[in-house]
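# Observations on the model geometry
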Amino acid sequence: ELAITQQLDGDYDCDGDGVQDCGKWDYRMGMCQNQAVCGHLYKFPDATLDRSCRCRKCPSFPGTAFGDAMLKNPEQAGAPFNAMSWGLFKNWADHMDTCAPWVMPRDDTALQNLLAYSRGKGYKVRIS
């Protein structure tokens, strides 16, 4: 039973703080709540849509945008641009998930600074 509980905790507690981040379906919107970290990931024998809302798991690749703390949490990491993290990139219909950090600049200056930071690191930027 302990192994099952640990597996479920990893599916629904994305940051390991003991608080369930996922596991809730937004029936009005037709998607998982907390889209920044949760996605619809069915595993047998999920009986409800709530149970299929699991943490989006991505590996961290040091030296790449995927592992860059400035992009994962700009406000806490003291990033040289004024932006907020929007989780991981996914299309609006939630049909495609990636592990690319999604950052939302707060104004034009923040966008310029974010682009300069990304260019300096050699990151590829996709505007959405």
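Residues numbered from 1 in each chain as written. Predicted model: local features only at pLDDT ≥ 70, side-chain atom pairs only at ≥ 80, totals over all residues. Heavy atoms only, no water.

This part is about the overall build of the protein. Per the secondary structure count, the protein includes four helices and six strands. Burial status across the protein gives 27% buried among its 128 residues. (Helix = DSSP H or I, 4+ residues; strand = E, 2+ residues; numbered from the N terminus. Buried < 20%, exposed > 50% of the residue type's maximum accessible area, 1.4 Å probe, protein only.)

Our next topic: the state of the cysteines. Evaluation of the coordinates by the stated rule reveals three disulfides. Through a disulfide, Cys-14 is tied to Cys-55; the S-S separation comes to 2.1 Å. Because the torsion about its S-S bond is -95 degrees, the bridge between Cys-14 and Cys-55 counts as left-handed. Within this pair, whereas Cys-14 is found in the loop between helix 1 (2-12) and strand 1 (25-26), its partner Cys-55 is found in strand 4 (residues 53-55), the two being separated by 41 residues in sequence. On the basis of relative accessibility, which here comes to 30%, the residue Cys-14 falls in the partly exposed class. Using a relative accessible area of 4% as the deciding quantity, one classes Cys-55 as buried. The disulfide partner of Cys-32 is Cys-53, and the gap between their sulfur atoms is 2.2 Å. Because the torsion about its S-S bond is -95 degrees, the bridge between Cys-32 and Cys-53 counts as left-handed. Residue Cys-32 is found in strand 2 (residues 31-32), and its partner Cys-53 is found in strand 4; the two are separated by 21 residues along the sequence. (Disulfide = S-S within 2.5 Å.)

On to helix 4 (residues 108-121), then. In a regular helix each residue adds 1.5 Å, so 14 residues correspond to 20 Å; helix 4 covers 20 Å between its end C-alpha atoms and thus fits that length. Looking at where helix 4 begins, the residue whose side-chain oxygen comes 3.2 Å from the main-chain nitrogen of Thr-109 is Asp-107. Downstream of helix 4 by a residue or two, Gly-122 has a phi angle that is positive, lying close to 80 degrees. (Expected span 1.5 Å × (residues − 1). Polar contact = N/O pair within 3.5 Å; in protein donor to acceptor, adjacent residues only side chain to side chain.)

Turning our eyes to something else, we now look at the nonpolar core. Counting residues in hydrophobic clusters, the biggest one holds nine residues: Ala-65, Leu-71, Ala-79, Phe-81, Ala-83, Val-103, Leu-114, Tyr-117 and Tyr-123. Setting aside residues up to four positions removed in sequence, Ala-65 forms contacts with Leu-71, Pro-101 and Tyr-123. (Core = buried A, V, L, I, M, F, W, Y, C linked by side-chain atoms within 4.5 Å. Contact = heavy atoms within 4.5 Å.)

Structurally, Asp-68 is set in the loop between strand 4 and helix 2 (69-72). At a separation of 2.7 Å, a polar atom in the side chain of Asp-68 contacts the side chain of Tyr-117. Apart from residues no more than four positions distant in its own chain, Asp-68 is found in contact with Tyr-117, Lys-121 and Tyr-123.

The next point concerns the pattern of salt bridges. Within the structure shown, the criterion is met by four salt bridges. Residue Asp-11 pairs with Arg-54 through a salt bridge whose shortest N-O separation is 3.0 Å. Placement of Asp-11 in helix 1 and of Arg-54 in strand 4 is noted, with a sequence separation of 43 residues between them. For Arg-54, a relative accessible area of 5% translates into the label buried. (Salt bridge = Lys/Arg side-chain N within 4 Å of Asp/Glu carboxyl O.)

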